[in-house]
Amino acid sequence: MSEFIDTLESRRSCRKYTDQSVEPEKLQQIVDAGLWAASGMGRQGTHLVVVTDPDTVAELSRMNAAIMGSEGDPFYGAKTVIVVLSNPANATCVEDGALVMGNLMAAAHSLGVASCWIHRAKEEFESEEGKALLAKWGVEGEWRGVGHCILGYADEGGEKPAVERLAGRVTYVK
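Conventions and cut-offs
- Chains are numbered independently. Their residues run from 1 in the order of the written sequence.
- Local features are withheld for residues below a pLDDT of 70 in this predicted model, meaning they are given only at 70 or higher, and side-chain atom pairs are given and counted only at 80 or more; totals for whole chains, interfaces and linings count all residues.
- Processing note: side-chain calculations cover all non-hydrogen atoms of the structure and skip hydrogens and water entirely.
- Helix and strand definitions here come from DSSP, where helices need a minimum of 4 consecutive H or I residues and strands a minimum of 2 consecutive E residues; each element is numbered from the N-terminal end.
- Radius of gyration: C-alpha atoms only; globule rule: 2.2 Å multiplied by the number of residues to the exponent 0.38.
- We call a residue buried when its accessible area falls under 20% of the maximum for its residue type, exposed when it is over 50%, and partly exposed in between, using a 1.4 Å probe and counting protein chains only.
- Pairs of residues are marked as contacts when any of their non-hydrogen atoms sit within 4.5 Å.
- Polar contact is defined as a pair of N or O atoms within 3.5 Å, subject to the rule that within protein one atom must be able to donate a hydrogen and the other to accept it, and that residues adjacent in sequence are counted only when both atoms are side-chain atoms.
- Any two strands between which DSSP finds at least two bridges are classified as paired.
- Only the stretch in contact is used when a helix axis is fitted, and all axes are lines through C-alpha atoms; the angle between N-to-C directions ranges over 0 to 180 degrees.
- Here, patches come from residues exposed beyond 30% relative accessible area and free of salt bridges, joined within 9 Å for like charges and within 5 Å for nonpolar side chains (Val, Leu, Ile, Met, Phe, Trp, Tyr).
- Every accessible area reported is derived by Shrake-Rupley at a probe size of 1.4 Å, with residue values counting cover from the shown protein chains alone.
- Counted as salt bridges are all cases of a side-chain nitrogen of Lys or Arg within 4 Å of a carboxyl oxygen of Asp or Glu.
- Helix span is expected to be 1.5 Å times the residue number reduced by one.
- Among the buried residues, those of types Ala, Val, Leu, Ile, Met, Phe, Trp, Tyr and Cys that are joined through side-chain atoms within 4.5 Å form a nonpolar core.

### As for the overall build of the protein chain
Logical step 1: Broken down by element type, the protein chain carries 6 helices and 4 strands.
Logical step 2: Taking 16 Å as the expected radius of gyration for a compact globule of 174 residues, we find that the protein chain reaches 16 Å, a close match to that expectation.
Logical step 3: Per-residue burial over the protein chain gives 39% buried out of 174 residues.
Logical step 4: Partitioning the intrachain contacts of the protein chain with sequence separation of at least 6 by distance along the chain shows that 84% fall at a separation of at least 24.

### Side note on the environment of Glu129
Logical step 1: Note on placement: Glu129 falls in helix α6 (residues 128–137).
Logical step 2: For Glu129 and Met63, which are 66 residues apart along the polypeptide, the C-alpha to C-alpha distance reads 8.6 Å.
Logical step 3: A polar contact of 2.3 Å, which involves the side chain of Glu129, links it to the side chain of Arg62.

### Regarding the pairing of strand β4 (residues 144–152)
Two faces make up the sheet, and in a regular strand the side chains alternate between them.
Logical step 1: Burial analysis of β4 places 8 of its 9 residues in the buried class, which makes it a mostly covered element.
Logical step 2: Pairing geometry for strand β2 (residues 80–86) and β4, over 7 bridges, is antiparallel. Bridge pairing links Ile82 to Cys149 in β4.

### Points about the sheet that holds β2
Logical step 1: Reading across from one edge, β1-β2-β4-β3 is the order of the 4 strands in this open sheet, with antiparallel pairing throughout. The open sheet has two edge strands, β1 (46–51) and β3 (114–118), and neither has a second partner. When strand polarity is set aside, the average angle formed by the axes of neighbouring strands in this sheet is 20°.
Logical step 2: In this structure, β3 lies alongside β4, joined through 5 bridges in antiparallel fashion. For Ile118, the partnering residue across the bridge sits in β4 and is His148.

### Focus: a nonpolar patch on the surface
Logical step 1: Taken together, the side chains of Phe4, Ile5 and Leu8 define a hydrophobic patch exposed on the protein surface, amounting to about 290 Å² of accessible area.
Logical step 2: For Ile5, the position within the fold is in helix α1 (residues 3–10).
Logical step 3: Overall, the relative accessible area of 35% leaves Ile5 in the partly exposed class.

### Digging into helix α4 (residues 93–110)
Logical step 1: The end-to-end C-alpha distance of α4, which contains 18 residues, comes to 26 Å, matching closely the 26 Å that a straight helix rising 1.5 Å per residue would cover.
Logical step 2: Taken residue by residue, α4 has Cys93, Asp96, Gly97, Val100, Met101, Leu104, Met105, Ala106, Ala107 and Ala108 as its buried positions.
Logical step 3: Residues of α4 that are buried make contact with α1, α2 (24–35), β1, β2, β3 and β4.
Logical step 4: Count one or two residues on from α4 and you reach Gly112, which has phi positive near 80°.

### Description of the side chain of Ser115
Logical step 1: Structurally, Ser115 can be placed in strand β3.
Logical step 2: The residues touching Ser115, leaving out its near neighbours within four places in the chain, are Arg11, Arg12, Ser13, Cys14, Tyr17, Met105, Ala108, Cys149, Ile150 and Leu151.

### Some thoughts on the nonpolar core
Logical step 1: Counting 22 residues, the largest nonpolar core has Leu60, Val81, Leu85 and Ile150 as its most contacted members.
Logical step 2: Other than its neighbours up to four places away in sequence, Ile150 contacts Cys14, Tyr17, Phe75, Tyr76, Ala78, Thr80, Val81, Ala114, Ser115, Cys116 and Ile118.
Logical step 3: Counting 19 residues, the second largest nonpolar core, distinct from the first, contains Leu27, Ile30, Met101 and Val113.

Okay, structure coming up:
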């Protein structure tokens, strides 16, 4: 089996992180993988916001939790968050952002970095608070939040084993 296929089959979402930060060299490789994701008509209509500042990670966590009606940390202690935004003028904006998320998570796993896709980015960046953050960060234009790719190193019990693949999910037409 190829390393690539093995990476896809062995990657798991992590829901418990250590305090160790992702090394800048690895983080850059992960970001680069996200930028190489396929996009509708090759438009590359996504934007990544890489957040390592602890106060900003905490602010995003608080906003995300509030959308769920929770006070917990939806980022599970991860120290790095990549916010994936997509241009809503593109008909494939959600799909393009989802492909970026997939590339980010696969690249992270291939480098020994744990990850998880956290939802509610759409609601966060539709809010006035979210729009103010984008302006503060210098991200101009209209953007739709697609997801947060949280990154870090798995703490004990952070990654669960794979569940059996469901049968009957493929139809071959010959």
